[in-house]
Each structure stands twice: as C-alpha cells, then as structure tokens.
Amino acid sequence: KVGIDYNSAKAIRDDVVHVSVTAYGREGPYRDRLGFDAVGQVMSGAVYRSGWPDQPVRTIVPYVDFLTGMAAANGALAALFHRQATGEGQKVEASLLNTALLTTSAMLIEQNELKADRVAALNRGQQSAPNNIYRCKDGFVLVQVVGDPIFRRWIAAIGREELADDPRFRDDKSRGENWEMLDAIMTGFCEVRARSQALGELSLARVPAYPINSPQDALDDPQVAAMNMLTPTEYPGLQRPASIVETPFRVGEAEAGFARRPPKLGEHTDQILSELGLSADEIAALRDQAAI
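Note that this is a predicted model, so its numbers are computed, not measured. (Residues numbered from 1 in each chain as written. Predicted model: local features only at pLDDT ≥ 70, side-chain atom pairs only at ≥ 80, totals over all residues. Heavy atoms only, no water.)

### Topic: the overall build of the protein
Looking only at helices and strands, the protein features 13 helices and nine strands. The C-alpha radius of gyration of the protein comes to 25 Å, more than 25% above the 19 Å expected for a compact globule of 292 residues. C-alpha extents for the protein along the principal axes are approximately 80 × 45 × 40 Å. Across the 292 residues that make up the protein, the buried fraction comes to 28%. Summed over all atoms, the accessible surface of the protein reaches about 19500 Å², with 56% contributed by carbon and sulfur. (Helix = DSSP H or I, 4+ residues; strand = E, 2+ residues; numbered from the N terminus. Rg over C-alpha atoms; globule rule 2.2 N^0.38 Å. Buried < 20%, exposed > 50% of the residue type's maximum accessible area, 1.4 Å probe, protein only. Areas by Shrake-Rupley, 256 points an atom, 1.4 Å probe, with all protein chains shown as cover.)

Printed below as a string of structure tokens:
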C-alpha cells in the first residue's frame, strides 16, 4: 500500500534483497484473501487428520506462523549469499500456505501415490503401533514404538516376547494396520502404574516415552533448564520477567543469548529512521500517512 514492493525498491538499489510474506502467495485465485496461521493448517490437510473424523481439531500452537518466519529468514540468507557471490539482488517470497503444505508433505505424497484416504485417529499414530497417548494413574504419557529394534525392546520390557513371531506385527506397516491389540496391551501396562514408574521402565528399555507436560511443567522441566533455553527478561507492563526462549540453534562456541529484549511495536521506529537520515518532519509525515 505504501509502494515498497520489489520493483520500486530495486529502482532505488539494484542489488536489494526484498522479502515478503503473504497468506497464499502472489498468484492464484486466493492471492487477495486474508489468512492466518489456522488457514494454513486447515488447507494443508493437517486439521483433517487431527482429532476425530466427525470433529477436526487444529493445534493451538501457531506453527505455520513460526515456520513461515523461519522460511522467510532462510530465503533472505540464501539471497544474501547469492548477492555476495554474484552482486545480484533477489525477490524472496514466503507464504503461510506453502509452509503448511511443506509440513504435511509426507501425508500428501502417501495420498497421491497410494490413495490411502486416512482419516483422523485422535492421538494414535497410524504407521506403527503402539504409538499413542496413554493414561497412567496420575497423568498421561506418550509412547512411540517405531521400527523393529524398538518393537523388540518394547515386547521384552512388557514381557510379551512371543509377539515377535506374530505375523500381524512383522513390521511397522503391519503393526499400524493391526494396532488394536498392541494399543490395548500398552493401555493395560500404563493404567496400573504411576507415570514415573511407566516412564522409568520404558526408558530403561530405551523405548521412547515422555510425559505430557503442561506449560508449567515445560517451564520446570530439568532438560529445559539444562539446555539454558529460557532467559528471564524484563518487559514493559509485565509483573514478572518473561521466560524468553533462546534461538533454537547454537553456533560453535558462540555465547547464547540476545543483545536486548524484544521491542514493543514501533519502539525504535523514530531512532532507526533518524539514523537513516530522515528528519523529524519527514518521520511525522510518514506517520500521518500511516506508512509507519
């Protein structure tokens, strides 16, 4: 709306790297529609496969938003490397729908090739078993038995080694198709145990099993603390420091952390524009035009 598209920016600086993020991309019948994270979730097939067949469920975590931001950042970095090597600028585009489709690409490939027509199965994994969320005496745990080595360790841990010779459970595909018995066994194992006992026995056998954390449990998790991923950060208007998550990667021996807290909306606009050489009157005019 304010004319800062790629072509206008390129007219000012030929090697500009211009990054834009849209809901659906620049082409196609939906290009002018509004969209949010959940739109990407529902259009990609993810929500159809979540919940129950008669009640689709979207995730409360806005993963499409976050991953689209990461995709745009990666595109910008690739364009900067290209400019460093060739001197050429680039137009970088990311969209919520493109990102969402990337996250469901495995199920889209399966549907396109095999016409599996899978439907939602709540928390149950459909390509292996037991692979579900199970109730213990004092809470829930996730157990994922994927691959023959883990399956063999699982049946040893629960004392059901005879299942190794059962043709119904010869591989992940078969176990996923004949999941009812394996799911019932895992349910019975968990429902008579406290969560810590079930997790202890399964982890000892190197079977992937994890507690279902509440947000507070996540804040208190010893693994989270050991990774130093949460930084208490003062922020205007908050009664206590916010637990800001660090960048989700580490680079060599570089010290973790960030230089300053996340800014409030527009907090540094005047400062940055002043550093770029704009006068107070020019900044005020941009604000009057709703450009900033």
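### So, the packing of helix α3 (residues 63-86) against helix α4 (residues 96-103)
The contact between α3 and α4 brings their axes to 9 Å, and the two run at 105 degrees. Between α3 and α4, the crossing angle belongs to the class labelled roughly perpendicular. Here Tyr 63, Val 64, Asp 65, Leu 67, Thr 68 and Ala 71 of α3 come into contact with α4, specifically with Leu 96, Thr 99, Ala 100 and Thr 103. Within the contact of α3 with α4, the residues separate by chemical class into six nonpolar, three polar and one charged. (Axes fitted to C-alpha atoms, helices over the stretch in contact; angles between N-to-C directions. Parallel < 35°, antiparallel > 145°, perpendicular 65-115°, else oblique. Contact = heavy atoms within 4.5 Å. Nonpolar A, V, L, I, M, F, W, Y, C, P; charged D, E, K, R; others polar.)

### Topic: the nonpolar core
Formed by 24 residues in total, the largest nonpolar core has its most connected members in Val 143, Phe 151, Trp 154, Leu 163, Met 186, Leu 202 and Val 207. Listing elements by their share of this core, those giving two or more residues are β5 (131-136), β6 (139-144), α6 (148-157), α8 (179-191) and α9 (195-204). Examining the composition of this core, we find that five residues originate from one element, α8, more than from any other. (Core = buried A, V, L, I, M, F, W, Y, C linked by side-chain atoms within 4.5 Å.)

### A short note on the packing of aromatic side chains
Taken as a whole, this structure holds two aromatic pairs when the rule is applied. Ring geometry for Tyr 24 and Tyr 30: centres 5.9 Å apart, planes at 70 degrees, overall edge-to-face. Exposure remark for Tyr 24: the relative accessible area of 14% places this residue in the buried category. When the ring of Phe 151 is compared with that of Trp 154, the centres are 6.0 Å apart and the planes differ by 35 degrees; the resulting orientation is tilted. One end of the pair, Phe 151, and the other, Trp 154, are both in helix α6, three residues apart, so they sit about a helical turn from each other. (Phe/Tyr/Trp six-rings, centres within 6.5 Å; stacked < 30°, edge-to-face > 60°.)

### Description of unusual backbone geometry
Look at the link from Ala 129 to Pro 130: it is a cis peptide, with omega at -10 degrees. With respect to the helices, strands and loops of the structure, Pro 130 is situated in the loop between α5 (105-114) and β5. In this model, Asn 228 sits at a positive phi of 55 degrees, which is unusual for a non-glycine residue. Within the secondary structure, Asn 228 sits in the loop between α11 (222-226) and β8 (230-233). Residue Asn 228 is classed as exposed on the basis of its relative accessible area, which comes to 54%.

### Quick look at the side chain of Gln 126
Structurally, Gln 126 can be placed in the loop between α5 and β5. Of the residues examined, Gln 126 reaches a relative accessible area of 13% and is grouped as buried. Residues in contact with Gln 126, not counting those within four places in the same chain, are Arg 49, Arg 118, Val 119, Ala 120, Ala 121 and Gly 176.

### Comments concerning the pattern of salt bridges
What the rule picks out here adds up to twelve salt bridges. Between Arg 31 and Glu 27 there is a salt bridge whose closest N-O contact spans 4.0 Å. A relative accessible area of 45% means that Arg 31 is categorised as partly exposed. Glu 27 sits in the exposed class, given a relative accessible area of 62%. (Salt bridge = Lys/Arg side-chain N within 4 Å of Asp/Glu carboxyl O.)

### Concerning α3
For α3, with 24 residues, the first-to-last C-alpha span of 34 Å sits near the 34 Å given by 1.5 Å per residue. Among the residues making up α3, those that are buried are Val 64, Thr 68, Ala 72, Ala 76 and Ala 79. Elements that come into contact with the buried residues of α3 comprise β1 (17-22), α2 (37-43), β4 (90-95) and α4. Among the residues trailing α3, Gly 87 stands out with phi positive, at a value near 80 degrees. (Expected span 1.5 Å × (residues − 1).)

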